[in-house]
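# Report on the structure
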Amino acid sequence: MTTLYIIRHGETTGNDAGRFQGSTDCGLSERGYAQVERLGERCRDLPFEVLISSPLVRARETASAANRHHGLPMRIDADLAEMHCGDWEEKSWDELRAEYPDEMELWREKPWLFRSPGGESMQQVYDRVSRALQRICHEHRGQTVAIVSHGCAIRNALCFCHGKGIEGLNDIPWVRNTSISRVDQDDDGRFTVVFENDFEHVKDIVKL
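Only a predicted model underlies this, so the values are computations on that prediction, with no experimental measurement involved.

### Remarks on the packing of aromatic side chains
Scanning the entire structure with this criterion turns up 12 aromatic pairs. With a centroid separation of 5.4 Å and an interplanar angle of 85°, the aromatic rings of Phe20 and Trp88 are classed as edge-to-face. Of this pair, Phe20 sits in the loop between helix 1 (13-17) and helix 2 (30-42) while Trp88 is found in the loop between strand 3 (74-76) and helix 4 (93-99), placing the two residues 68 residues apart along the sequence. With respect to class, Phe20 is no different from Trp88; both count as buried.

### Digging into the sheet that holds strand 2 (residues 50-53)
Pairing in this open sheet of six strands is mixed, and the strands run 3-2-4-1-5-6 from one edge to the other. Unpaired on one side and paired on the other, strand 3 and strand 6 (191-198) mark the two borders of the sheet. Neighbour-to-neighbour, the strand axes of this sheet turn through a mean angle of 20°, independent of strand direction. Note: strand 2 against strand 3, three bridges, orientation parallel. Looking at strand 3, one finds that Leu51 is bridged to Met74.

### Observations regarding the pairing of strand 1 (residues 2-8)
Of all the seven residues making up strand 1, seven are buried; the element is thus mostly covered by neighbouring parts of the structure. Here strand 1 shows no split at all, with Thr2, Leu4, Ile6 and Arg8 on one side and Thr3, Tyr5 and Ile7 on the other all buried. Summarising the sheet, strand 1 and strand 5 (residues 180-185) pair through six bridges and their orientation is antiparallel. When the sheet's bridge partners are listed, Thr3 is paired in strand 5 with Asp184.

### Quick look at the UniProt feature "binding site: substrate" (unreviewed entry) in the protein chain
Under the feature "binding site: substrate" (unreviewed entry), the UniProt entry names Arg8, His9, Gly10, Glu11, Thr12, Thr13, Gly14, Asn15 and Arg58. Here, the largest pocket is lined by Arg8, His9, Glu11, Gly14, Asn15 and Arg58 out of the annotated residues. Structurally, the position occupied by Gly10 is in the loop between strand 1 and helix 1. If near-sequence neighbours (up to four positions away) are discounted, Gly10 is found in contact with Asn15, Leu28, Gly32, Gln35, Val36, Thr62, Asn177 and Thr178. Within the secondary structure, Thr13 is located in helix 1. Leaving out residues up to four positions away in the same chain, Thr13 has contacts with Cys26, Gly27, Leu28 and Ser29.

What counts as what
- Residues numbered from 1 in each chain as written.
- Predicted model: local features only at pLDDT ≥ 70, side-chain atom pairs only at ≥ 80, totals over all residues.
- Heavy atoms only, no water.
- Phe/Tyr/Trp six-rings, centres within 6.5 Å; stacked < 30°, edge-to-face > 60°.
- Helix = DSSP H or I, 4+ residues; strand = E, 2+ residues; numbered from the N terminus.
- Buried < 20%, exposed > 50% of the residue type's maximum accessible area, 1.4 Å probe, protein only.
- Pairing = 2+ DSSP bridges.
- Axes fitted to C-alpha atoms, helices over the stretch in contact; angles between N-to-C directions.
- UniProt positions renumbered as here; feature names shortened; annotations may be inferred.
- 1 Å grid on protein atoms, 1.4 Å probe; cavity = no way out; pocket = protein on both sides within 12 Å on 5 of 7 lines; lining within 4 Å.
- Contact = heavy atoms within 4.5 Å.

Structure below.
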């Protein structure tokens, strides 16, 4: 069996300001640094053997904290990056609702059909993160792997691991900053979501 611990990055300056980040590379907020400090202690006794992160700085900073008591080399995987959202990048949610009402309706109601102007489609995100999980499991069969990624990317990953096509995306809740989800893959390649969105370690310092 291969075990994946899928971790969302800590809160960022963009999260705190209510801006859509996507692939914009911003760092952690003050609250985010407090969250990843807690995450490091939460991960102390998790049996990580491999550490893989999105290339974005908020994910790498979070991965470093999760790795504090393990000392593993950090591998970077571009397929774990957040959705690239083109013209939506760095806009506030109020601006998006005013400027892109049709796209916002898809984002909320039919996210599997969503694509922002100049950005990736949701289908492309689903395809690349599912490809990444299968590749990671193949390369690290029988090991325990820590993966650090992003909200939309993780939502798609969990959708895939639950055995759902992208049309099932609305059945998958958003995960909180520094939350941990565990997914196991058996020897026949079947995924089982053991738990998801565990943010007990930061429940007093995470936005709900």
